[in-house]
Amino acid sequence: MNQAGAVLADYSARLEALAIDLGLDFHPVTFDLVPANFMVEIAVYGLPVRMRHWSFGVRYIHQLARQHMGHSKIFEVMFPGDPCHAFMLEQNSLAENTLVTAHVLGHADFAKNNQLFSRFMAMAGGQILEQSAARARRLERALSAHGQDRVDAVLDAALALETHIDVNQALHRPRYPAFLTPRAGPALNHFHDRYARLPGEHLEAPRNDPPQRTPLPPQPEYDLLWFIAHYAADLEDWERDIFLAVREEAYYFHPIHACQIMNEGWASYWHARLLREATFLPHDLYVSAIKSHSDVVRPFASGQQLALSLNPYHLGFSLWEHIIDKHGLAQARRICREEDDFGFVRNYLDQDVADKLDLFVYATRQDGDIRIASRDIHQIREAILAPKFNYGAPCIAVSQVGADGSLALHHDYLRDGRGLDLPQAEKVMEYVARVWRRPVTLHTVDFRGVVRVLPARKF
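I will try to describe carefully the structure that is included in this document.

### Some remarks on the sheet that holds strand 2 (residues 76–79)
So, point 1. Spatial ordering of the open sheet is given by 1-3-2, a layout of three strands whose pairing is mixed. At either end of the open sheet lies a strand with only one pairing partner, and these are strand 1 (29–34) and strand 2. Between one strand and the next, the sheet's axes are offset by a mean angle of 15°, whatever the strand orientation.

### Comments concerning empty space enclosed by the protein
So, point 1. Per the counting criterion, the structure on display carries one cavity of 30 Å³ or more.
So, point 2. By volume, the largest cavity amounts to about 30 Å³.
So, point 3. Every residue lining the largest cavity is listed: T163, H164, I165, Y222, N390, P394, C395 and I396.

### Concerning the pairing of strand 2
So, point 1. Burial along strand 2 is two-sided: the face carrying E76 and M78 and the face carrying V77 and F79 are both buried.
So, point 2. Direction of pairing for strand 2 relative to strand 3 (residues 84–89): antiparallel, over a ladder of four bridges. If you follow M78 over to strand 3, its bridge partner there is A86.
So, point 3. What sits between strand 2 and strand 3 in their antiparallel hairpin is a turn of four residues.

### A short note on the nonpolar core
So, point 1. In terms of nonpolar packing, the biggest core is built from 130 residues, with F243, W320 and L349 touching the most fellow members.
So, point 2. If sequence neighbours within four positions are ignored, L349 has contacts with L315, L319, F344, A354, L359, I377, I380, R381 and I384.

### Considering the packing of helix 9 (residues 224–231) against helix 10 (residues 237–258)
So, point 1. Their axes nearest at 9 Å, the elements helix 9 and helix 10 cross at an angle of 160°. Taken together, helix 9 and helix 10 sit at an angle that is classed as roughly antiparallel. Considering how the two elements wind past one another, helix 9 and helix 10 form a crossing that is left-handed. Here L225, W226, I228, A229, H230 and Y231 of helix 9 lie close against helix 10, whose contacting residues are R240, F243, L244, V246 and R247.

Scoring rules and cut-offs
- Residues numbered from 1 in each chain as written.
- Predicted model: local features only at pLDDT ≥ 70, side-chain atom pairs only at ≥ 80, totals over all residues.
- Heavy atoms only, no water.
- Pairing = 2+ DSSP bridges.
- Helix = DSSP H or I, 4+ residues; strand = E, 2+ residues; numbered from the N terminus.
- Axes fitted to C-alpha atoms, helices over the stretch in contact; angles between N-to-C directions.
- 1 Å grid on protein atoms, 1.4 Å probe; cavity = no way out; pocket = protein on both sides within 12 Å on 5 of 7 lines; lining within 4 Å.
- Points joined across faces, edges and corners; volume = space filled by probe spheres on them.
- Buried < 20%, exposed > 50% of the residue type's maximum accessible area, 1.4 Å probe, protein only.
- Core = buried A, V, L, I, M, F, W, Y, C linked by side-chain atoms within 4.5 Å.
- Contact = heavy atoms within 4.5 Å.
- Parallel < 35°, antiparallel > 145°, perpendicular 65-115°, else oblique.
- Left-handed = near helix turned anticlockwise from the far one by under 90°.

Here is the structure:
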């Protein structure tokens with residue numbers, strides 16, 4: 001370890017001790033310094049080791065382009081678990097990595113104490129890096145046994161549906177029961193019991209109706225990954241394993257998606273506070289770290305320019321400061337435990353905060369002209385939360401499996417409040433048909449609200 005690394009290790013240990021003194025509660029955190037190319041791979045794949053697929057290469061090129069254009073800089077990537085794993089850039093300055101250390105401790109506290117994180121960690125396990133590496137090894141064996149084309153065809157479909165899970169269901173859930181549970185007859189009350197026992201009256205003999213098979217599915221099924229893995233008749237075991245592996249990773253990532261504003265804001269609040277109270281930090285390092293903090297939590301726009309995209313760090317940090325100033329830290333901790341971004345934004349983003357942050361809803365005309373459409377707080381909240389609804393995916397359910405094995409999907413466009421991008425939907429349908437290997441149809445509407453039925457073109 002070089003001198004800078006030794007100094008950072010010392011600061012990290014002292015920041016952890018300070019965080020505990022201030023009441024933060026987190027699983028152990030391991031920190032690793034990694035080169036820039038490895039950090040980009042982690043950010044693109046979502047995990048240090050993950051199942052290989054061509055789409056990650058496309059994302060890698062996109063991320064590199066954003067970095068070279070100055071639109072993106074990755075300071076750290078942190079994976080919740082027990083222990084938590086954090087990766088920091090070797091090229092970061094000592095001040096930046098000191099800031100990152102404090103930021104990660106805030107993330108670790110949030111991940112351990114937030115109920116949504118706790119629930120999904122309990123289901124998906126707290127050793128995500130080891131689990132994802134094991135899944136990657138299984139995929140490599142499938143590649144060797146079945147070839148790149150066959151494996152890619154299954155992964156294409158699974159990754160196209162990776163957000164189509166039902167977060168209200170357990171990760172490990174059984175198949176539907178084979179037969180419907182017989183309905184119990186009405187219970188006899190005291191009067192009816194006495195009446196049945198009168199002379200000349202006879203109790204009706206119990207009916208022995210044959211058991212009825214459970215319809216497939218018994219109710220609309222929104223967990224498409226689970227349904228295809230268990231009910232696609234022609235899938236081989238290794239193909240089912242890929243679908244279930246992608247589904248398990250989707251469960252791990254869901255709370256990160258659902259709590260992004262809260263989580264990034266909480267980590268930003270605590271890194272600012274830890275740096276402020278870390279009297280052992282040299283003054284010049286503190287000033288540099290706070291400069292990096294300002295860059296992280298600022299809106300994307302500067303000066304009088306209006307920003308059209310939302311910085312979750314900025315919004316989350318501002319909301320936590322507002323909550324703590326108004327209600328105190330104990331109330332903030334309760335909110336941290338109990339809420340996700342939906343409750344956080346709807347309950348605590350008020351008109352005063354929205355005005356202070358200059359938040360608004362905008363509309364784009366056909367000629368490309370952009371205008372402010374509303375500053376109403378209700379519309380602002382829903383515009384922020386709309387991309388998070390249903391894990392960011394359209395609400396599509398399996399409605400029926402026909403006698404010939406055909407699969408009918410229905411888009412709940414009333415619940416979504418919008419139609420589908422039909423060319424994209426048709427492409428996803430092709431992926432689904434490749435693994436279902438029977439006719440597949442999707443009932444939806446287009447952007448004008450006209451009812452459309454999309455058949456899969458091939459399977």
